[in-house]
Amino acid sequence: PALAQDTPAQRKGFFRREKSPDLWIGYRLQGAWSDETGETTRKYLEIGIGKGRYVYHRHGVSGGGVYLSEEILLNGNKRIFGTKLGCFVHSPVGLDFSIVYYTDFKRGNLKLRPEVGLGMGRAGILVGFNIPTVNNKAMPELQKQNAQVTFRLGLGVSKKEIKSK
């Protein structure tokens, strides 16, 4: 029978809420808007921790939370690290917002990053834009690196069900 015809007792267990600390892993492709710069697309590995709440329902998984992660440049001659503090809501549209501080341990650069895309619970494929703030000229490598595509997955470490009242 159709779900709408089921009684609440028959649907028990179909709707579930949980909270958990999460391990975040991701891969980011970051490039310049214009080809005249001659810059290559930069590839970053992202690893971090977070805390989220998730709802499992008939349309999939919705989620939201906060995270702290580190982006590590994989290509190029320099080692650039980006420490990131962010928040997300995924259901099935993914919305993320983060503050990223990039450094090569000689110079630093702070960026704001809104991202939008597809998100389902702990997973997301997002497109974002780096908004420069202070000290943007300090790191020429990142002056034109504005657009990016992010693939990110969270792994629930210690899931705890949230009981309905």
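Here the structure is shown first, and the text comes after it.
Asks: I'd like to hear about the environment of Gly 63, residue by residue, with values.
Replies: Along the chain, Gly 63 turns up in strand E3 (residues 60-73). A relative accessible area of 9% means that Gly 63 is categorised as buried. Separated by 45 residues in the primary sequence, Gly 63 and Glu 18 place their C-alpha atoms 9.4 Å from one another.

Asks: If you had to explain the pattern of salt bridges to someone new, which residues and values would you point to?
Replies: When the charged atoms of two side chains with opposite charge come close together, those side chains can pair. Under the definition given, this model contains 13 salt bridges. Glu 46 serves as the salt-bridge partner of Arg 152, at 3.6 Å between the closest nitrogen and oxygen. Residue Arg 152 is located in strand E9 (residues 145-156), and its partner Glu 46 is located in strand E2 (residues 42-57); the two are separated by 106 residues in the primary sequence. Looking at Glu 46, the relative accessible area reads 1%, which means it is buried. Note that Arg 107 and Asp 104 form a salt bridge whose closest N and O atoms lie 2.7 Å from each other. On the accessibility criterion, Arg 107 (24% relative accessible area) is partly exposed.

Asks: A description of the side chain of Asp 22 should follow, citing residues and the corresponding values.
Replies: For Asp 22, the position within the fold is in strand E1 (residues 16-32). Within polar-contact distance, the side chain of Asp 22 engages the side chain of Ser 20 at 2.7 Å. Setting aside residues no more than four positions away along its own chain, Asp 22 makes contact with Gly 48, Ile 49, Gly 50, Lys 51, Gly 52, Tyr 54, Arg 122, Leu 155, Gly 156 and Val 157.

Asks: Would you mind going over the pairing of strand E5 (residues 93-103) in detail, with residue names and values included?
Replies: Looking down a regular strand, the side chains alternate between one sheet face and the other. Where strand E4 (residues 81-91) and E5 come together, 11 bridges link them in antiparallel fashion. When the sheet's bridge partners are listed, Cys 87 is paired in E5 with Phe 97. Counting the residues between successive antiparallel strands, the hairpin from E4 to E5 contains one residue. Both E5 and strand E6 (residues 108-120) contribute to a ladder of 11 bridges, which runs antiparallel.

Calculation criteria
Residues numbered from 1 in each chain as written. Predicted model: local features only at pLDDT ≥ 70, side-chain atom pairs only at ≥ 80, totals over all residues. Heavy atoms only, no water. Helix = DSSP H or I, 4+ residues; strand = E, 2+ residues; numbered from the N terminus. Buried < 20%, exposed > 50% of the residue type's maximum accessible area, 1.4 Å probe, protein only. Salt bridge = Lys/Arg side-chain N within 4 Å of Asp/Glu carboxyl O. Polar contact = N/O pair within 3.5 Å; in protein donor to acceptor, adjacent residues only side chain to side chain. Contact = heavy atoms within 4.5 Å. Pairing = 2+ DSSP bridges.

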